[in-house]
Amino acid sequence: MIDITAVLAQQGYFSIPFRIRKSNHLYIHGKVNRVKGLFLIDTGASNTCIDSNEQELFNLLSKEHKAKASGAGSNNMHAELSVNNHIQLGKWKKSNIEIILLDLTHVNTALSEYGLPKVHGIIGSDLLKSQHAIINYPLQLLFIK
């Protein structure tokens, strides 16, 4: 049998464990600007974002973002853009990352209804796509280049 982890490692991928919680959300630990946080992996989210209530914690400088954001259960949300950030998931690191700041209260309220911990942000498809991410559900591993 082929060891997919070894094959992908030879191709320059890093493997990062995640947990599938009872809500079926994928939880992953990471760091933004060297600050630890808990994040959702969300392929349906167009952008990687941090809860605007956590802006100071993650040392995020921001400016108005022209577009309004929308998501499950919430539309026309105020959004700000933060540039030149550093992100780390496991041993994988990337600099000059753009992060959208959004109020994620609605997300954390929904998670709390399942008795799950709140998240600081969401790893979105912008980062997943640009870094050729592969999600392996049986192994509960995110592979990222």
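Just above sits the structure.
Residues numbered from 1 in each chain as written. Predicted model: local features only at pLDDT ≥ 70, side-chain atom pairs only at ≥ 80, totals over all residues. Heavy atoms only, no water.

Colleague: Would you take a moment to explain the overall build of the protein chain for this structure?
Modeller: Helix and strand counts for the protein chain stand at three helices and 13 strands. At 15 Å, the protein chain has a C-alpha radius of gyration in line with the 15 Å of a compact globule built from 145 residues. Each principal axis of the C-alpha distribution contributes one length, and for the protein chain these read about 50 × 35 × 25 Å. Going through the 145 residues of the protein chain one by one, you find that 43% of them count as buried. Of the accessible surface of the protein chain, which amounts to about 8,400 Å², a share of 51% is contributed by carbon and sulfur atoms. (Helix = DSSP H or I, 4+ residues; strand = E, 2+ residues; numbered from the N terminus. Rg over C-alpha atoms; globule rule 2.2 N^0.38 Å. Buried < 20%, exposed > 50% of the residue type's maximum accessible area, 1.4 Å probe, protein only. Areas by Shrake-Rupley, 256 points an atom, 1.4 Å probe, with all protein chains shown as cover.)

Colleague: What am I meant to see in the pairing of strand 13 (residues 141–144) here?
Modeller: Going residue by residue along strand 13, you find Leu141 and Phe143 tucked away on one face and Leu142 and Ile144 tucked away on the opposite face as well. Where strand 1 (residues 14–17) lies against strand 13, four bridges are found, and the strand directions are antiparallel. Within strand 13, the residue paired with Ile16 across the bridge is Leu142. Sheet analysis places strand 12 (residues 134–136) next to strand 13, joined by three bridges and oriented antiparallel. (Pairing = 2+ DSSP bridges.)

Colleague: Would you mind showing me how to read a nonpolar patch on the surface here?
Modeller: A surface patch of nonpolar side chains, about 350 Å² in accessible area, is lined by Ile2, Ile4, Val7 and Leu139. By the secondary structure assignment, Leu139 is in the loop between strand 12 and strand 13. (Patch = residues over 30% accessible without salt bridge, like charges linked within 9 Å, V, L, I, M, F, W, Y side chains within 5 Å. Salt bridge = Lys/Arg side-chain N within 4 Å of Asp/Glu carboxyl O.)

Colleague: Whenever I open this one, the sheet that holds strand 13 confuses me. Can you help?
Modeller: Hydrogen bonds between backbone atoms are what pair the strands of a sheet, whose relative direction is either parallel or antiparallel. On the basis of which strands lie adjacent, the open sheet formed by three strands has the order 1-13-12 and antiparallel pairing. Two strands bound the open sheet, and with one partner strand each, they are strand 1 and strand 12. The average angle at which neighbouring strand axes cross in this sheet is 25°, direction not considered. (Axes fitted to C-alpha atoms, helices over the stretch in contact; angles between N-to-C directions.)

Colleague: Sorry if this is basic, but what is going on with the pattern of salt bridges here?
Modeller: Side chains bearing opposite charge may pair, as long as their charged atoms lie close to each other. Here the structure, examined in full by the defined rule, presents one salt bridge. Note that Glu54 and Lys118 form a salt bridge whose closest N and O atoms lie 2.7 Å from each other. With Glu54 in the loop between strand 5 (49–51) and strand 6 (63–64) and Lys118 in the loop between helix 2 (105–112) and strand 11 (121–123), the pair connects residues that are 64 residues apart, well separated along the chain.

Colleague: Hey, could you run me through the packing of aromatic side chains in this one?
Modeller: To describe a pair of aromatic rings, you give the distance between the ring centres and the angle between the ring planes. A complete count under the given rule lists two aromatic pairs for this structure. Measuring from centroid to centroid gives 6.4 Å for Phe18 and Tyr137, while their planes differ by 80°, and the two rings are edge-to-face. One end of the pair, Phe18, is in the loop between strand 1 and strand 2 (19–20); the other, Tyr137, is in the loop between strand 12 and strand 13, and 119 residues separate them in sequence. The partly exposed category is assigned to Tyr137, whose relative accessible area is 47%. Both rings, one in Phe39 and one in Phe58, keep their centres 6.2 Å apart while their planes meet at 55°; by these two values the pair is tilted. Residue Phe39 is found in strand 4 (residues 35–41), and its partner Phe58 is found in the loop between strand 5 and strand 6; the two are separated by 19 residues along the sequence. When the ring centre of Tyr27 is taken as origin, the NZ or CZ atom of Arg21, which lies over that ring, is 5.1 Å away. (Phe/Tyr/Trp six-rings, centres within 6.5 Å; stacked < 30°, edge-to-face > 60°. Lys NZ or Arg CZ within 6 Å of the ring centre and 35° of its normal.)

Everything listed here is a matter of coordinates, which is why it stays silent on function.
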